[in-house]
Amino acid sequence: EAVAAGWMLEFACSCLCRHFGEGGEAEFRRWRDVARALTNDFSEIPTHQKKTVYLCQLLIRIAKGKSLELQFENGQRISPLESALSFWTLLEREEIKLEKLHEDIRRLIQIQIVAVHMENTYFKEAAEVLERLFTDCESDKSLRRKLATIIKNKDPYVPLLQSFNYSLLISKIKAYIELFMKENETNFLIQEATKYVESKGLGATALQNKSVNINKNDKSNLDTKQRLVLSIILLRDVLMQNCCLNVDSSLYWIYINCLLGLNNLENVGKQHVALVCGRRRQRWTYKEDLELKSGVQKFGVGNWAKILVHGNFQNRTSVMLKDRWRTLNR
């Protein structure tokens, strides 16, 4: 299970990076949930996977950096970006050579932590966070003075904050992701899937993210085959080796989710409807709402994969269940 979790974590990180770069919010959330499930049970992070775990946690927090109401650290009232900064510090420690890009990202996160508080008119909190962010070292003094003046004037739209805005931070993170992906191309699941696809003549270039000229229908078919192959490989290599997974294991429910996603993809081919990507909105029925409420009562909020498996839902995913629950709670 530990070996399989390692493979899945690498693949989840790869998917997070890709969807963060492409701006695919729904798919990013899907793989964010997988990455969280895989890292929840990590009492100790294996040395070779430290950067992978840190990057996943960084991207999850950067994606929600402007949502000050969210808390990622239990018992600590710090913003998502402050939490992201701590993981960026851990990432930097794992780097062999620190480049200018690393320093740029660090500074941008620091500036945006202050900027996001000011945009929400939390000027007192912005001053407090400034004290936490910067040390007394010489390299920090100039920026610290400038930000202190900006907070005092209570103007979140000064040229400094506009020049070092959130969009620039996102673009720098994307640049780092590209470097990370080049250095970590030996993803086991992608390698195995590519071999399988090549042996079946399904078009391996699609799995290697190379540019190919295809229309939208062809692309949908290639995405379907990619998910199909990856699901088969994952389940074959783990479940056929006499590996008994406990039903309370996070991996167990990730595998179930893979199968549910696979069934949805098969329905795409049969019904010519995008049930996973580009889904046509399907109204929730009263019966489905009752199923969802019953599932939450039985398994608790957050256990969407379990609720999905045990409930009677029509062409739904765990992400859709979570979104519907949020809507019902409004």
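The structure displayed is predicted, hence computed values, not measured ones. (Residues numbered from 1 in each chain as written. Predicted model: local features only at pLDDT ≥ 70, side-chain atom pairs only at ≥ 80, totals over all residues. Heavy atoms only, no water.)

A. Spatial organisation of the confidence of the model for the chain. Residues of the chain with pLDDT of at least 70 account for 73%, and the chain-wide mean is 76. Across residues 239-245, where pLDDT falls below 50, the model places eight contacts with residues more than four positions away in sequence or in other chains. Every residue in residues 262-279 scores below 50 in pLDDT, and together they form 27 contacts with partners more than four places removed in sequence or on other chains. (pLDDT = per-residue confidence, 0-100. Contact = heavy atoms within 4.5 Å.)

B. Looking closely at the packing of helix α3 (residues 50-63) against helix α9 (residues 166-183). Two elements in contact, α3 and α9, have axes whose closest approach is 12 Å; the angle formed by their N-to-C orientations is 160 degrees. Overall, the two elements α3 and α9 adopt an arrangement that is roughly antiparallel. At the point where α3 passes α9, the crossing takes the left-handed sense. Along the contact surface, α3 presents K51, T52, L55, L58, L59 and I62, while α9 presents Y166, L169, I170, I173, Y176, I177, F180 and E183. Across the contact of α3 with α9, the residue classes tally to eleven nonpolar, one polar and two charged. (Axes fitted to C-alpha atoms, helices over the stretch in contact; angles between N-to-C directions. Helix = DSSP H or I, 4+ residues; strand = E, 2+ residues; numbered from the N terminus. Parallel < 35°, antiparallel > 145°, perpendicular 65-115°, else oblique. Left-handed = near helix turned anticlockwise from the far one by under 90°. Nonpolar A, V, L, I, M, F, W, Y, C, P; charged D, E, K, R; others polar.)

C. Expanded view of the nonpolar core. In this structure, L55, L58, L59, I62, V114 and L169 are the most contacted members of the largest nonpolar core, which totals 59 residues. Breaking this core down by element, the ones donating at least two residues are α1 (2-22), α2 (25-40), α3, α4 (80-94), α5 (100-119), α6 (123-133), α7 (138-153) and α9. V296, I307, F313 and W325 belong to the second-largest nonpolar core, a separate cluster that totals ten residues. (Core = buried A, V, L, I, M, F, W, Y, C linked by side-chain atoms within 4.5 Å. Buried < 20%, exposed > 50% of the residue type's maximum accessible area, 1.4 Å probe, protein only.)

D. How the structure looks around the environment of L38. Assignment of secondary structure puts L38 in helix α2. The spacing of L38 and G6 is 32 residues in sequence and 8.5 Å in space, taken between C-alpha atoms.

E. Quick peek at the environment of G23. By secondary structure assignment, the location of G23 is in the loop between α1 and α2. Taking the relative accessible area as the measure of exposure, G23 reaches 48% and is therefore partly exposed. Distance from G23 to A63, taken between C-alpha atoms, is 9.8 Å for residues 40 residues apart in sequence.

F. Local environment of the pattern of salt bridges. Taken as a whole, this structure holds 15 salt bridges when the rule is applied. Taking the shortest distance from any N to any O, the salt bridge between E131 and R144 comes out at 2.9 Å. In this pair, E131 is assigned in helix α6 and R144 in helix α7, connecting sequence segments 13 residues apart. Relative accessible area serves as the criterion here: at 19%, R144 is assigned to the buried category. Here the residues in one salt-bridge network are R29, D323 and R326, joined through shared partners. (Salt bridge = Lys/Arg side-chain N within 4 Å of Asp/Glu carboxyl O.)

G. Seen up close, the packing of α1 against α2. For the pair α1 and α2, the least separation of the axes is 9 Å and the interaxial angle reads 150 degrees. The angle between α1 and α2 places the two elements in the roughly antiparallel class. Handedness of the crossing formed by α1 with α2: left-handed. Between α1 and α2, the residues in contact are A5, M8, L9, F11, A12, C15, L16, H19 and F20 and E27, F28, W31, R32, V34, A35, L38 and T39, respectively.

H. The arrangement of the packing of aromatic side chains in detail. One pass over the structure, following the stated rule, counts five aromatic pairs. On the numbers, 5.3 Å between centres and 85 degrees between planes, the contact of F11 with W31 is edge-to-face. Of this pair, F11 sits in helix α1 while W31 sits in helix α2, placing them 20 residues apart in sequence. With relative accessibility at 5%, the residue W31 sits in the buried group. Residues Y54 and F87 carry aromatic rings whose centres are separated by 6.3 Å and whose planes lie at 50 degrees to one another, so their mutual orientation is tilted. Of this pair, Y54 sits in helix α3 while F87 sits in helix α4; the two residues are 33 residues apart in sequence, bridging distant segments of the chain. Like Y54, the residue F87 is buried in the burial classification. Stacked on the ring of W284, the Lys or Arg R316 has its end atom at 4.2 Å from the ring centre. (Phe/Tyr/Trp six-rings, centres within 6.5 Å; stacked < 30°, edge-to-face > 60°. Lys NZ or Arg CZ within 6 Å of the ring centre and 35° of its normal.)

I. Structural view of the side chain of K322. Its place among the elements puts K322 in helix α15 (residues 318-329). Taking the relative accessible area as the measure of exposure, K322 reaches 13% and is therefore buried. Residues contacting K322, with those up to four places away along its chain left out, are R32, D33 and W304.

J. View of the side chain of E92. By secondary structure assignment, the location of E92 is in helix α4. There is a polar contact of 2.8 Å between the side chain of E92 and the side chain of R106. Residues contacting E92, with those up to four places away along its chain left out, are L98, H102, E103 and R106. (Polar contact = N/O pair within 3.5 Å; in protein donor to acceptor, adjacent residues only side chain to side chain.)

K. Here's a closer look at unusual backbone geometry. Positive phi, normally seen in glycine, also occurs at T121, with a value near 60 degrees. Considering the arrangement of structural elements, one finds T121 in the loop between α5 and α6. Taking the relative accessible area as the measure of exposure, T121 reaches 54% and is therefore exposed. One non-glycine residue, K154, lies in positive phi territory at about 55 degrees. Mapped onto the secondary structure, K154 falls in the loop between α7 and α8 (159-163).

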